[in-house]
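Below, each chain spelled out in residue letters.
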There are 2 protein chains.
Amino acid sequence: MENSSGSRVTSLILRILTFVFLFISFFILITTSQTVRPYKLHFNSYHGFRYMLATIIIGLVFNLLQIAFSLFNIVKNGDGTILFDFFGDKFLSYLLATGAAAGFGVGVDLKKKDPDDLFRTFFDKAYAASALLLFAFFCSAAVSILSSFALSKRS
Amino acid sequence: MENSSGSRVTSLILRILTFVFLFISFFILITTSQTVRPYKLHFNSYHGFRYMLATIIIGLVFNLLQIAFSLFNIVKNGDGTILFDFFGDKFLSYLLATGAAAGFGVGVDLKKKDPDDLFRTFFDKAYAASALLLFAFFCSAAVSILSSFALSKRS
């Protein structure tokens, strides 16, 4: 790929998209709780959702770091972070993939125990948060493909 | 990396390891069921485990295909499948990561509902299958790193 600065800008846009999805997913997930007396469901009671929250938070911090490096590289026209981007994007995309899978895994099998749909709000929010995390993963996987190609441009 | 045939052999070994882990995980998962009268737990009742089984089966088939291509390339000393390997390894490693995460996600939160440890065999098997799938993912992720570096050797 000749258009190096073009693919850099594409990566930056995808990273910002990842951030936006993660950010919304975070706020939906932390408000995922519902009370139908005498029962109360809270996302925090489930290890799957807690793991999901952990992947979102680590993802947000790591993603911001990458955006900062990315901007720095575009401004300075440097390429010192090609290997960091390569391994970082791999790490981030795997992390988000497992978070989304754990979220859907817990959500789907939990919903089956609520055939009367009493906790509809709870499950709608859990699914929405998982779906947004999945979108963040898609963006991150696309960046990971671009950063692998960037390796071959360097040499 | 100069040692191209060396990294090819490493990739082949890692792919065979992936296959072995997937193969054992498959047999453990399909025998994951336990009856403690009047209750019966069967992995097939949970979407998370079913998704896990699907990723193992797709992984096994895809992995065998990759091993065949890999052997063909080593014998013929060709490199016609570099892009196929690159995208294939990415796909396979994401697939296995989500399968392992879904398996652990369902297993951990299900086990909490069995505080008396009646279904110990069931959960031990479910964890073992998930852990093996996680090992398969690690091998597959390592191959994915090698196949990304192979991209840069080509150009």
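Within every chain, residues take consecutive numbers counted from 1 along the sequence as written. The order in which chains are written sets their letters, starting at A; the order in which ligands are written sets their numbers, starting at 1. It should be noted that, the model being predicted, local features are given only for residues of pLDDT at least 70 and side-chain atom pairs only at 80 or more, the latter also being counted only at that level, while totals for whole chains, interfaces and linings use all residues. The basis for every side-chain value is the complete set of non-hydrogen atoms in the structure, without hydrogens or water.

Take the UniProt feature "transmembrane region" (unreviewed entry) in chain A next. All names here are of chain A. As annotated in UniProt, the feature "transmembrane region" (unreviewed entry) corresponds to residues 12-30, 51-71, 91-110 and 131-151 in the numbering used here. Helix and strand assignments come from DSSP, with helices taken as H or I runs of at least 4 residues and strands as E runs of at least 2, each series counted from the N terminus. In this annotation, residues 12-30 is assigned 100% helix and 0% strand; the end-to-end C-alpha distance for the span is 27 Å. A distance of 31 Å separates the end C-alpha atoms of residues 131-151, which is 100% helix and 0% strand. UniProt positions are given in the numbering used here, feature names are shortened, and annotations may be inferred rather than shown by experiment.

Turning our attention to the interface of chain B and chain A. By definition in these notes, contact holds between two residues if any of their heavy atoms fall within 4.5 Å. Between chain B and chain A, the contact holds 30 residues from the first and 30 residues from the second. The buried area of a pairing is the accessible area, by a 1.4 Å probe, that goes missing from both parts when the two are put together, added over both. Taken together, both faces of the contact between chain B and chain A bury some 2,300 Å²; the carbon and sulfur share is 69%. When a carboxyl oxygen of Asp or Glu is within 4 Å of a side-chain nitrogen of Lys or Arg, the pair counts as a salt bridge. Where chain B touches chain A, the interface holds zero salt bridges. We call two N or O atoms a polar contact when they sit within 3.5 Å, provided that within protein one can donate a hydrogen and the other can accept it, with sequence-adjacent residues counted only if both atoms are side-chain atoms. Counting every contact that joins chain B to chain A gives 10 residue pairs in polar contact (both at pLDDT 80 or more). Counting residues per element, the side of chain B that touches chain A draws most heavily on helix H3 (residues 82-111) of chain B, at 15 residues. For this classification, Asp, Glu, Lys and Arg are treated as charged, while Ala, Val, Leu, Ile, Met, Phe, Trp, Tyr, Cys and Pro are nonpolar and the rest, including Gly, are polar. Split by residue class, the side of chain B that touches chain A holds 16 nonpolar, 10 polar and four charged.

Further remarks concern the packing of aromatic side chains. The aromatic pairing rule takes the rings of Phe, Tyr and Trp, using the six-membered ring of Trp, and pairs them if the centres are within 6.5 Å, calling planes under 30 degrees apart stacked, those over 60 edge-to-face and the rest tilted. Within this structure, the stated rule accounts for 33 aromatic pairs over all chains. Their ring planes at 40 degrees and their centres at 6.1 Å tell us that Phe62(A) and Phe84(A) sit as a pair that is tilted. On the criterion of sequence distance, the pair formed by Phe62(A) in helix H2 (residues 47-76) and Phe84(A) in helix H3 (residues 82-111) is long-range, its members being 22 residues apart. Throughout, exposure labels follow a simple rule: accessible area from a 1.4 Å probe, protein chains only, divided by the maximum for the residue type, with under 20% read as buried, over 50% as exposed, and the rest as partly exposed. By relative accessible area, which is 17% here, Phe62(A) ends up buried. Phe84(A) gets classed as partly exposed once you look at its relative accessible area, which sits at 31%. Residues Phe137(A) and Tyr94(B) carry aromatic rings whose centres are separated by 4.9 Å and whose planes lie at 80 degrees to one another, so their mutual orientation is edge-to-face. Placement of the pair is Phe137(A) in helix H4 (residues 120-154) and Tyr94(B) in helix H3, with the two residues belonging to separate chains. Here Phe137(A) matches Tyr94(B) in class, with each residue buried.

Once that is clear, we can look at the side chain of Asp109(B). Within the secondary structure, Asp109(B) sits in helix H3. According to the relative accessible area criterion, Asp109(B) is buried, its value standing at 8%. Ignoring sequence-local partners within four residues, the contact set of Asp109(B) consists of Ser45(A), Tyr46(A), His47(A), Gly48(A) and Val106(A).

Let us look at the pairing of strand E2 (residues 39-42) of chain A. All names here are of chain A. If DSSP finds at least two bridges between two strands, the strands pair. One ladder, built from four bridges, connects strand E1 (residues 33-36) with E2; its direction is antiparallel. By the bridge assignment for E2, glutamine 34 is matched with leucine 41. The turn joining E1 and E2, which pair antiparallel and follow one another in sequence, is formed by two residues.

Okay, the UniProt feature "domain: Casparian strip membrane protein" (unreviewed entry) in chain A next. On the UniProt side, "domain: Casparian strip membrane protein" (unreviewed entry) is annotated at positions that read residues 6-139 of chain A here. End C-alpha atoms of residues 6-139 of chain A are separated by 17 Å, and the span's content is 78% helix alongside 6% strand.

Packed helices, taken two at a time, are described by their axes: the angle between them and the distance between them. Residue and element names in this part refer to chain A. Only C-alpha atoms enter the line fits that serve as axes; for helices the fit covers just the stretch in contact. Angles between N-to-C directions range over 0 to 180 degrees. Where H2 contacts H3, the two axes come as close as 9 Å, and the packing angle between them is 155 degrees. Here H2 lies roughly antiparallel to H3, going by the angle between them. H2 and H3 meet at a crossing whose hand is left-handed. The residue inventory of the contact of H2 with H3, partitioned by class, reads 15 nonpolar, 10 polar and two charged. Each angle is binned into one of four classes, with values under 35 degrees roughly parallel, values over 145 roughly antiparallel, values of 65 to 115 roughly perpendicular, and all other values oblique. Each crossing gets its handedness from the near helix: less than a right angle anticlockwise from the far helix is left-handed, clockwise is right-handed.

Fitting of the copies onto one another was done by least squares over C-alpha atoms, counting residues only where both copies have pLDDT of at least 70. With an axial shift of 0.0 Å and an RMSD of 0.0 Å, the rotation relating chain B to chain A amounts to 180 degrees. Within this description, the copies of the chain are treated as partners about a two-fold rotation axis. Every residue of chain B has its C-alpha some distance from the rotation axis, and the shortest such distance is that of Ser152(B), at 1.8 Å. A high fraction, 100%, of the interface residues of chain B reappear at the interface in chain A, so the copies pair face to face through one surface.

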